[in-house]
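Read off the chains here:
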Amino acid sequence: MIPTAVLAVLATCLCSMHLVVCYHLNYRPIIGVLAQENLEEDVHAHGSSYIGASYVKYLESAGARVAPIRIHQTDEEYEKIFNSINGLLLPGGNVDLHTSQFSRVSKIFYDLAIKANDASDHFPIWGTCQGLQQLSVLTSNRNLLTLTDTKAVALPLTFTQASQNSRLFKAFPKDLIQSLSEENITSNFHSWSLSLQNYSRNARLKRFYKVLTINTDGKRDFVSTMEANRYPFYAVQWHPEKTPFEWVNKPGMVHTAASVRASFYTAQFFVSEAMKNHHKFSSASEEEKALIYNYSPVFTGLDGIFMQNYYFD
Ligand SMILES: *[C@@H]1O[C@H](CO)[C@@H](O)[C@H](O)[C@H]1NC(C)=O
Ligand SMILES: *[C@@H]1O[C@H](CO)[C@@H](O)[C@H](O)[C@H]1NC(C)=O
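Analysis parameters
- Residues numbered from 1 in each chain as written.
- Chains lettered and ligands numbered in written order.
- Predicted model: local features only at pLDDT ≥ 70, side-chain atom pairs only at ≥ 80, totals over all residues.
- Heavy atoms only, no water.
- Pairing = 2+ DSSP bridges.
- Helix = DSSP H or I, 4+ residues; strand = E, 2+ residues; numbered from the N terminus.
- Contact = heavy atoms within 4.5 Å.
- Axes fitted to C-alpha atoms, helices over the stretch in contact; angles between N-to-C directions.
- Near = heavy atom within 4 Å.
- Polar contact = N/O pair within 3.5 Å; in protein donor to acceptor, adjacent residues only side chain to side chain.
- Areas by Shrake-Rupley, 256 points an atom, 1.4 Å probe, with all protein chains shown as cover.
- Nonpolar A, V, L, I, M, F, W, Y, C, P; charged D, E, K, R; others polar.
- Buried < 20%, exposed > 50% of the residue type's maximum accessible area, 1.4 Å probe, protein only.
- Parallel < 35°, antiparallel > 145°, perpendicular 65-115°, else oblique.
- Left-handed = near helix turned anticlockwise from the far one by under 90°.

Asks: Sorry if this is basic, but what is going on with the sheet that holds strand β13 (residues 298-299) here?
Replies: For sheets, the rule is that strands pair by backbone hydrogen bonds, running either parallel or antiparallel. In spatial order, the strands read β2-β3-β14-β13; together these 4 strands make up an open sheet with antiparallel pairing. The sheet terminates laterally at β2 (36-37) and β13, the two strands that pair on one side only. Judged from the 4 bridges that link them, strand β3 (residues 49-52) and strand β14 (residues 308-312) form a sheet pairing that is antiparallel. The residue bridging Tyr 50 from the neighbouring strand is Tyr 311, located in β14. The strands touched by helix α2 (residues 53-60) are β3 and β14; relative to β3, the strand with the most contacts, the crossing angle is about 45°.

So this is what it looks like as structure tokens:
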């Protein structure tokens, strides 16, 4: 038998040698969630940017803590944050994918994450809705999106062949995959989509991502779940975080047991990816100052698209 101490050393060695297999997990992951410019119609807004609290709860429910990433900071500040956190979530919303601060900061983190992963520093990115769209713009350097009729509708996922050996869905129970493929339990709230056609015709996107699920609005097939081939980047056009944490009463919202379970499995998968990253804040007090607990969410009323928002700056 190999003594525990030797095993520990062995695990650390494997990690420091940057092997793909690394047994040393970080059980205190902190995930950055990117803020964005306020919605124009948000009467509750104070400050110039926000994060929907559902994204924070979503990650917390799966064992991560959250650090908000505010817009309007310098490149140097973002690099310091990047080296302190263990993953990034790009949330849904409604900003310009080329000119907004959200897009500027997404690009800074995307470029840093590419560099880090190329150097075997595992840094995962998750994009939801607008986050998927932003990732498609960052990878292809173009906006290839098209309008679809998918503003408030719950849909079943059509799994592709490629989904069968995906990382994202690997740990999902069979009955949950079945629910996802047969029941209308994924919430869609988007006007723009990455059509399967434009994905297939763009060499960069096609090389970079594999499409795991597809949906249609009846006229166009679009990418609803994708993961990068060589990077721990994942994206969904649907909204796993709304199912357990948002309660606006309109078509497209789902709260069935299977939908809540699906939400949790996506969150848990992403947090497990963040656990493979070992970035750290430079001190306990730096970490304390960076966490979302320093801010209080605001209840926006029963009609709010986001029940609670964090506001910044
Ligand atoms: C493909 O992308 C272009 C933008 O480059 C867009 O105008 C067009 O509507 C898209 N077509 C489809 C089918 O998605
Ligand atoms: C479920 O979604 C499909 C589209 O994939 C649609 O045809 C069907 O009417 C929906 N069913 C319900 C009960 O909403």
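Asks: Would you mind going over the sheet that holds strand β6 (residues 125-128) with me for this structure?
Replies: With mixed pairing, 8 strands are arranged side by side in an open sheet as β4-β1-β5-β6-β12-β11-β10-β8. The open sheet is flanked by β4 (65-69) and β8 (158-159), the only strands paired with a single partner. Here strand β1 (residues 30-34) runs beside β4; their pairing, made up of 5 bridges, is parallel. When the sheet's bridge partners are listed, Gly 32 is paired in β4 with Ala 67.

Asks: Mind showing me how you'd approach the site of ligand 2 here?
Replies: Neighbouring ligand 2 are the residues Leu 155, Pro 156 and Asn 184. In this structure, an oxygen atom belonging to ligand 2 sits 2.4 Å away from a side-chain N or O atom of Asn 184. Protein chains bury 26% of the 360 Å² of accessible surface belonging to ligand 2 in isolation.

Asks: Hey, could you run me through the side chain of Ser 106 in this one?
Replies: Considering the arrangement of structural elements, one finds Ser 106 in helix α4 (residues 101-118). At a separation of 2.7 Å, a polar atom in the side chain of Ser 106 contacts the main-chain carbonyl oxygen of Phe 102. Residue contacts for Ser 106: discarding those within four places in its chain leaves Leu 34, Leu 90, Gln 134 and Leu 138.

Asks: Please explain the site of ligand 1 as it appears in this structure.
Replies: Looking at ligand 1, the residues that line it are Arg 142, Asn 143, Leu 144, Thr 146, Ser 195, Gln 197, Asn 198 and Arg 220. Relative to its unbound accessible surface of 360 Å², ligand 1 loses 65% to contact with the protein. Along the lines of polarity and charge, the residues of the shell around ligand 1 split into 1 nonpolar, 5 polar and 2 charged.

Asks: Can you help me understand α2 in this one?
Replies: What sets the pattern is the α-helix's 3.6 residues per turn: residues three or four places apart point alike. Most of α2 is tucked away, with 6 of its 8 residues classed as buried. Here α2 has its buried residues at Ala 53, Ser 54, Tyr 55, Val 56, Tyr 58 and Leu 59.

Asks: Could you clarify how one ought to interpret the packing of helix α6 (residues 174-182) against helix α10 (residues 257-274) in this entry?
Replies: Packed helix pairs are characterised by how far apart their axes lie and by the angle those axes make with each other. Where α6 contacts α10, the axes come no closer than 10 Å and their chain directions differ by 115°. Of the possible angle classes, the one that applies to α6 and α10 is roughly perpendicular. Here α6 and α10 pass one another in a crossing that is left-handed. Together, Asp 175, Leu 176, Ser 179 and Leu 180 of α6 and Ala 258, Arg 261, Ala 262 and Tyr 265 of α10 make up the contact between the two elements.

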